[in-house]
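Okay, here's what each chain looks like letter by letter:
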Amino acid sequence: MGYTFRGMDLAIESGRLAALAVIHAKAAGDFSARGLSFYKSLLDASFVLRDLEHYRGMPALMDSHLIYDTLPGLACDVLGGMFTVDGYQPKRLLGTVTDAALGAGSLAELAALGYRAVRVL
């Protein structure tokens, strides 16, 4: 879905479709490759292959060290800046985000990650 790792739902649905294909093959008395090709037709019509194709770039995106090393701290810095009450007037959100991003490391790396994320999602 772009915000969670998926797999169980895809496995359940592909298994359900495989069972339908076997039932169809049994009813037709045809367990040949041609008879079982109905499974591919069912997969093509389902969300399984569409979703796998849509999110095919997600593993490479999630392989970025920034996802695990940098973004959690960046999120904490932004939220801390938004919700800390210290007697001073808080910065506007853009200033809070900019300060956190500058403190997180390479803006070019963060921008590249953001670009890749938008393309994948």
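Quick caveat: nothing in here was measured; it's all calculated off a predicted structure.

A.B. asks: Lay out the overall build of the protein in plain terms, naming residues and giving numbers.
C.D. replies: Within the protein, the secondary structure is distributed over 9 helices and 0 strands. Reading the secondary structure of the protein in the N-to-C direction produces α-α-α-α-α-α-α-α-α. Compactness check: the protein gives a C-alpha radius of gyration of 23 Å against a globular reference of 14 Å for 121 residues, more than 25% above the reference. Its C-alpha atoms give the protein principal-axis dimensions of about 80 × 30 × 20 Å. Scored against the burial criterion, the 121 residues of the protein give a buried share of 22%. Across the protein, contacts joining residues at least 24 apart in sequence account for 60% of those joining residues at least 6 apart. Total accessible area on the protein stands at roughly 8700 Å², and carbon and sulfur atoms take up 65% of it. Across the protein, the centroid of the 11 positively charged side chains sits 10 Å from that of the 12 negatively charged ones.

A.B. asks: I'd love a proper account of the confidence of the model for the protein, names of residues and values included.
C.D. replies: Confidence along the protein averages 89 in pLDDT terms, with 96% of residues attaining 70 or more. Averaged over each element, pLDDT in the protein is lowest for helix H5 (residues 58–62) (86) and highest for helix H3 (residues 38–45) (96).

A.B. asks: Could you give an account of helix H1 (residues 8–28), with specific residues and numbers?
C.D. replies: Here H1 spans 30 Å end to end across 21 residues, near enough to the 30 Å set by a 1.5 Å rise per residue. All of the buried residues in H1 are Leu10, Glu13, Ser14, Leu17, Ala21 and Ala25. Along the axis of H1, the buried residues cluster in a sector spanning 120 degrees; they form a single face. H1 presents Met8, Ile12, Ile23, Lys26 and Ala27 as exposed residues on the side facing more than 90 degrees away from its buried surface. For H1, the secondary structure elements touched by its buried residues are helix H2 (33–36), H3 and helix H4 (47–54). Trailing H1 by a residue or two, Gly29 shows a phi angle of about 65 degrees, which is positive.

Calculation rules
Positions within a chain are numbered from 1, following the residues in the order the chain's sequence is written. Local features in this predicted model are restricted to residues of pLDDT 70 or higher, and side-chain atom pairs are both shown and tallied only at a pLDDT of 80 or more, whereas totals for entire chains, interfaces and linings draw on every residue. Hydrogens and water molecules were not included; the side-chain quantities draw on all heavy atoms of the structure. Secondary structure elements are taken from DSSP: a helix is a run of H or I of four residues or more, a strand is a run of E of two residues or more, and numbering for both begins at the N terminus. Between the two quantities, the radius of gyration covers C-alpha atoms and the globule rule is 2.2 Å times the number of residues to the power 0.38. A simple rule labels every residue: compare its accessible area, found with a 1.4 Å probe on the protein chains alone, to the largest value its type can have, and call it buried under 20%, exposed over 50%, or partly exposed in between. Only heavy atoms enter the contact rule, under which two residues are in contact if any of them lie within 4.5 Å. Accessible surface is estimated by sampling points in the Shrake-Rupley manner with a 1.4 Å probe; for residues, cover comes only from the protein chains shown. We count Lys and Arg on the positive side and Asp and Glu on the negative side, and we leave His and both chain ends out. Where a charge lies is defined by one atom per residue type, namely NZ (Lys), CZ (Arg), CG (Asp) and CD (Glu). The predictor rates its confidence in each residue with pLDDT, a number between 0 and 100. By definition here, a helix of n residues has an expected span of 1.5 Å times n minus one. The directions from the helix axis to the C-beta atoms form the arc being described.

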